[in-house]
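This is what each chain is made of:
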Amino acid sequence: MIQNIVKGIQAYFGAFGMISKLKLWKYFIIPMLISLLTAAFVGFMAYTFSDNIGHYIANFWKWEFGKETFEVISTFLSGLLIVVIGLVLYKHIVMALSAPFMSPVSEKIEDHLRGEDHTHRITSFQEQLIRGIRINLRNLTRELLFTIPILLLGFIPVIGIVSTVLLFLMQAYYAGFGNMDYTLERHFKYRESINFVKENKGLAIGNGVVFMLFLLIPVVGVILVLPLSVTAATTETIKKIQLKKLPE
């Protein structure tokens, strides 16, 4: 798994050059706009509601002593919770809505790497959108299911550090999952694709680690994260697909 994580990360080094060489930037305009608007919405929600939720939680503190401190802490934690859940929602909203635009880009990269004589499933704009929504709804449900208990573990001393790492790796895994599926949808059906990613968890995590780190870069990160992460995921996913389809 460690080796695949490293490969997933290293794939980013050639992503920018690949996009420029194949003149793919124009295909990313709408996905980049979707990414920017979604990130702005998440930030607005965190800024708007953290104070309100924090104040509401502070009302449970019935004593005057320490009430102000408790409200500051509850406001901070409320904002953090909104941002974490917002990041989860951000990934899946952007990936689902961008599917019809990312799949053709992934196909162009595959044609460049493998030649245009290879065979794969032909899917329409609508099918790609439905597939993207279906995959990301599945992943969103599972990610939210695991996020809450991991966040609660964060309140336990020492274990809290471990929970932070687990939360980051989980978000990375599902981010990489979505990026890989733009390629997988041409080769495998829904359930087969899920099994493929499970067999290549390291690759998904490696791709997703850089994806998540990009989101820490203000504005530029949310604009460039999808083009680079999808390109990096495509190049490595194609290699894995070729190995899987080799006759035994």
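The protein has the name Coproporphyrinogen III oxidase in an unreviewed UniProt entry, where Tenacibaculum singaporense is given as its organism. UniProt, in its Subcellular location (unreviewed entry) section for the protein, records the words "Membrane".

Draft legend 1. Seen up close, the overall build of the protein. Assigned secondary structure in the protein consists of nine helices and zero strands. When its helices and strands are written in sequence order, the protein yields α-α-α-α-α-α-α-α-α. Split into buried and exposed, the 248 residues of the protein put 47% on the buried side. Considering only contacts in the protein between residues 6 or more positions apart, those separated by 24 or more positions represent 82%. Entry remark: accessible area of the protein is about 13400 Å², with carbon and sulfur atoms responsible for 71%.

Draft legend 2. Representation of a nonpolar patch on the surface within the structure. On the surface, a cluster of nonpolar side chains totalling about 390 Å² of accessible area is made up of L153, I156, I159, V162 and L166. Examining the composition of the nonpolar patch, we find that three residues originate from one element, helix 6 (residues 159–184), more than from any other. Checked against the element boundaries, I159 lands in helix 6. Judged by relative accessible area, which is 40%, I159 ranks as partly exposed.

Draft legend 3. Main features of the side chain of E185. Here E185 lies in the loop between helix 6 and helix 7 (190–199). Despite its burial, E185 pairs with no opposite charge, the nearest such side chain being R186 at 4.5 Å. At 3.5 Å, the side chain of E185 and the side chain of S103 are in polar contact.

Definitions and cut-offs
- Residues numbered from 1 in each chain as written.
- Predicted model: local features only at pLDDT ≥ 70, side-chain atom pairs only at ≥ 80, totals over all residues.
- Heavy atoms only, no water.
- UniProt positions renumbered as here; feature names shortened; annotations may be inferred.
- Helix = DSSP H or I, 4+ residues; strand = E, 2+ residues; numbered from the N terminus.
- Buried < 20%, exposed > 50% of the residue type's maximum accessible area, 1.4 Å probe, protein only.
- Contact = heavy atoms within 4.5 Å.
- Areas by Shrake-Rupley, 256 points an atom, 1.4 Å probe, with all protein chains shown as cover.
- Patch = residues over 30% accessible without salt bridge, like charges linked within 9 Å, V, L, I, M, F, W, Y side chains within 5 Å.
- Salt bridge = Lys/Arg side-chain N within 4 Å of Asp/Glu carboxyl O.
- Lys, Arg positive; Asp, Glu negative; His and termini not counted.
- Polar contact = N/O pair within 3.5 Å; in protein donor to acceptor, adjacent residues only side chain to side chain.

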